[in-house]
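# Examination of the molecular architecture
Letter by letter, the chains look like this.
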Amino acid sequence: NAWLLEGSSASENFGLDATVWHPPPNLLAGNELSRNMMEEARASALSFKEKHGRKPSLAVVTVGELKRYQHGDRRLQIYSNPASSWFSKTSTGDANGFDVTEIHLDGASTTTEELLDKIHHVRDDLNVDGIQLMWPLPDHIDSVKAFSAIDVERDVDGIHYIGQLEIGNKDGAYPPVTPAATIALMDEYNIDVEDKRVLVIGRSPIVGSPIAHMMREKGGAVTVAHSKISDETLMKLVGDAEVVVCCAGVPGLVKAEWITETHEGSGSGTVVINVGTTFDPVIDSLVSDVVGDIGKFAVKYSPVPGGIGPISAPALFRNVAKAAWDRMK
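Residues numbered from 1 in each chain as written. Predicted model: local features only at pLDDT ≥ 70, side-chain atom pairs only at ≥ 80, totals over all residues. Heavy atoms only, no water.

When helices and strands are counted, the protein shows twelve helices and twelve strands. In terms of C-alpha radius of gyration, the protein reaches 20 Å, essentially the compact-globule figure of 20 Å for 329 residues. Expressed along its principal axes, the backbone C-alpha trace of the protein runs to roughly 55 × 50 × 40 Å. Scored against the burial criterion, the 329 residues of the protein give a buried share of 49%. By sequence separation, contacts in the protein at least 24 residues apart represent 71% of the contacts at least 6 residues apart. (Helix = DSSP H or I, 4+ residues; strand = E, 2+ residues; numbered from the N terminus. Rg over C-alpha atoms; globule rule 2.2 N^0.38 Å. Buried < 20%, exposed > 50% of the residue type's maximum accessible area, 1.4 Å probe, protein only. Contact = heavy atoms within 4.5 Å.)

Written as structure tokens, this is what we have:
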């Protein structure tokens with residue numbers, strides 16, 4: 001196995017010897033960026049402990065079993081490691097200088113009042129710097145009350161982000177982690193959306209909606225689509241877009257051949273950012289919202305796996321580190 005390399009040089013090309021295999025030139029890989037961001041978060045956490053005598057701290061509250069975590073152990077086994085994964089926050093925190101407490105509440109029996117009591121208890125702990133309430137909550141829980149109970153200063157998952165920006169609080173609001181990971185990847189590869197037609201496919205409050213807002217803030221002409229519209233309408237929207245951000249979490253929702261290779265007027269191709277992923281246990285693999293050969297049609301695209309996914313955990317812990325420092329001001 002001489003073509004497998006060890007060390008940081010291997011990771012730049014997905015751990016493969018560049019003399020044997022080169023990643024496609026239009027690939028927007030997130031692995032190297034992920035490592036750099038996590039190292040920055042780790043350095044900040046270690047500096048914080050040295051100055052304040054404790055680690056930055058995150059409390060994660062989950063109610064019930066989340067569908068998208070159903071295959072979390074397998075995804076961790078195949079695609080990541082316990083020192084840097086969304087699916088192993090406690091061990092990721094331990095490896096990078098953070099204290100993480102994960103609180104699991106029964107999905108069937110927990111009431112809104114009991115969840116609020118738990119959130120208030122966490123808020124009362126002055127050593128907790130960040131609170132993440134996992135979405136979605138069970139239908140019988142009052143989500144508005146629950147998420148509103150998280151104070152802005154410790155909202156490291158960015159549930160209050162858009163509202164705070166709208167009232168002018170641009171420095172005190174932390175961005176939602178997956179949208180922040182998306183922006184970080186695009187910035188890393190100098191993907192400019194100013195005056196570009198941007199299509200965001202997905203409208204969830206923690207991914208699609210914040211991404212659309214961020215794209216507008218960057219000067220994009222943003223259209224938001226979703227999985228309930230017809231294939232005909234979606235095909236037209238995809239074909240017209242210069243940047244497509246897929247975050248619906250519906251495998252095969254978008255056909256690769258819908259992507260326009262060269263747009264009239266600008267002469268440029270389409271950039272595709274794959275955010276929505278689904279684990280398919282039948283093929284034991286992650287799949288994206290786009291089916292087909294994306295690389296054949298897109299001028300640049302983020303892969304699945306290895307694109308946005310690895311960046312989400314570093315984005316979360318970067319928020320936690322910043323929240324810890326901000327609370328000590």
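Here we take up the sheet that holds strand β5 (residues 221–225). Strand pairing in a sheet relies on backbone hydrogen bonds, with the paired strands running either antiparallel or parallel. Strand order in the open sheet formed by five strands is β5-β4-β6-β8-β12, and the pairing between neighbours is parallel. Here the strands that pair on one side only, and so sit at the sheet edges, are β5 and β12 (300–301). Taken together, the five bridges between strand β4 (residues 197–201) and β5 define a ladder with parallel strand orientation. Bridging from a neighbouring strand, V200 pairs with V224 of β5. Sitting on the sheet, helix α10 (residues 231–240) is in contact with β4, β5 and β6 (243–246), with an inclination near 140° to β4. (Pairing = 2+ DSSP bridges. Axes fitted to C-alpha atoms, helices over the stretch in contact; angles between N-to-C directions.)

Tallied over the full model, the rule gives twelve salt bridges. Residue K218 pairs with D187 through a salt bridge whose shortest N-O separation is 3.2 Å. In this pair, K218 sits in the loop between α9 (208–217) and β5 while D187 sits in helix α8 (residues 177–188), placing the two residues 31 residues apart along the sequence. Measuring nitrogen to oxygen at the nearest pair gives 3.7 Å for the salt bridge that ties K236 to E232. On the criterion of helical spacing, the pair formed by K236 and E232 is a turn pair, its members being four residues apart in helix α10. Accessibility classification places K236 together with E232 in one group, the exposed group. Because the salt bridges share partners, they merge into one network encompassing R54, D129 and R327. (Salt bridge = Lys/Arg side-chain N within 4 Å of Asp/Glu carboxyl O.)

With that settled, the discussion passes to empty space enclosed by the protein. Tallied over the full model, the rule gives one cavity of 30 Å³ or more. The wall of the largest cavity is formed by I131, Q132, L133, F147, I150, D155, D157, I159 and I206. Per-element tally for the lining of the largest cavity: the top contributor is strand β3 (residues 130–133), with three residues. Among the residues making up the lining of the largest cavity, the classes are represented as six nonpolar, one polar and two charged. (1 Å grid on protein atoms, 1.4 Å probe; cavity = no way out; pocket = protein on both sides within 12 Å on 5 of 7 lines; lining within 4 Å. Points joined across faces, edges and corners; volume = space filled by probe spheres on them. Nonpolar A, V, L, I, M, F, W, Y, C, P; charged D, E, K, R; others polar.)

Here the second largest pocket is characterised by a volume of approximately 430 Å³. Around the second largest pocket, the lining comprises 19 residues; the ones closest to its centre are T62, E65, Y69, E102 and H104. Of all the elements, strand β2 (residues 99–105) adds the most residues to the lining of the second largest pocket, at three residues. In terms of residue class, the lining of the second largest pocket is built from seven nonpolar, seven polar and five charged.

What follows is about the sheet that holds β2. In spatial order, the strands read β2-β1-β3; together these three strands make up an open sheet with parallel pairing. Edge positions in the sheet fall to β2 and β3, since each has one partner strand and no second. Taking each pair of neighbouring strands and ignoring which way they run, the sheet shows an average axis angle of 15°. Bridge analysis of strand β1 (residues 57–63) against β2 gives seven bridges, and the strand direction is parallel. Residue pairing for β2: S57 is matched across the bridge by D99. Sheet contacts for helix α12 (residues 309–327): β1, β2 and β3; angle to β1, the most-contacted strand, approximately 125°.

Bringing the packing of aromatic side chains into the picture now. All chains considered together, the criterion is met by two aromatic pairs. Consider the rings of F48 and W325, whose centres lie 5.3 Å apart with planes at 85°: the pair is edge-to-face. A residue pair is termed long-range when its members are at least 10 positions apart, and F48 in helix α2 (residues 31–52) and W325 in helix α12 qualify at 277 residues. For W325, a relative accessible area of 25% gives the class partly exposed. Centre to centre, the rings of F98 and F317 are 4.9 Å apart; their planes meet at 55°, and the pair counts as tilted. Highlighted residues: F98 in the loop between α4 (89–96) and β2 and F317 in helix α12, separated in sequence by 219 residues. A single burial state applies to F98 and to F317, both of which are buried. (Phe/Tyr/Trp six-rings, centres within 6.5 Å; stacked < 30°, edge-to-face > 60°.)

Attention now moves to the nonpolar core. Counting residues in each nonpolar core, the largest one holds 50 residues, and the members touching the most others are L58, F98, I211, M215, V245, I273 and V275. The element best represented in this core is α12, accounting for eight residues. Ranked by size, the runner-up nonpolar core spans 20 residues in total, among them I201, A225, V272 and Y301. (Core = buried A, V, L, I, M, F, W, Y, C linked by side-chain atoms within 4.5 Å.)

So, on to helix α5 (residues 112–124). Because each turn of an α-helix spans 3.6 residues, side chains separated by three or four positions in sequence point in the same direction. Under the 1.5 Å per step criterion, the end-to-end length of α5 is 18 Å for 13 residues, consistent within 8% with the ideal 18 Å. Here α5 has its buried residues at T112, L115, L116, I119 and V122. Down the axis, α5 shows its buried residues gathered within 120° of arc, on one side only. Opposite the packed face of α5, turned more than 90 degrees from it, sit the exposed residues D117, H121 and D124. Buried positions along α5 lie against β1, β2, β3 and α6 (143–148). (Expected span 1.5 Å × (residues − 1). Arc of directions from axis to C-beta.)

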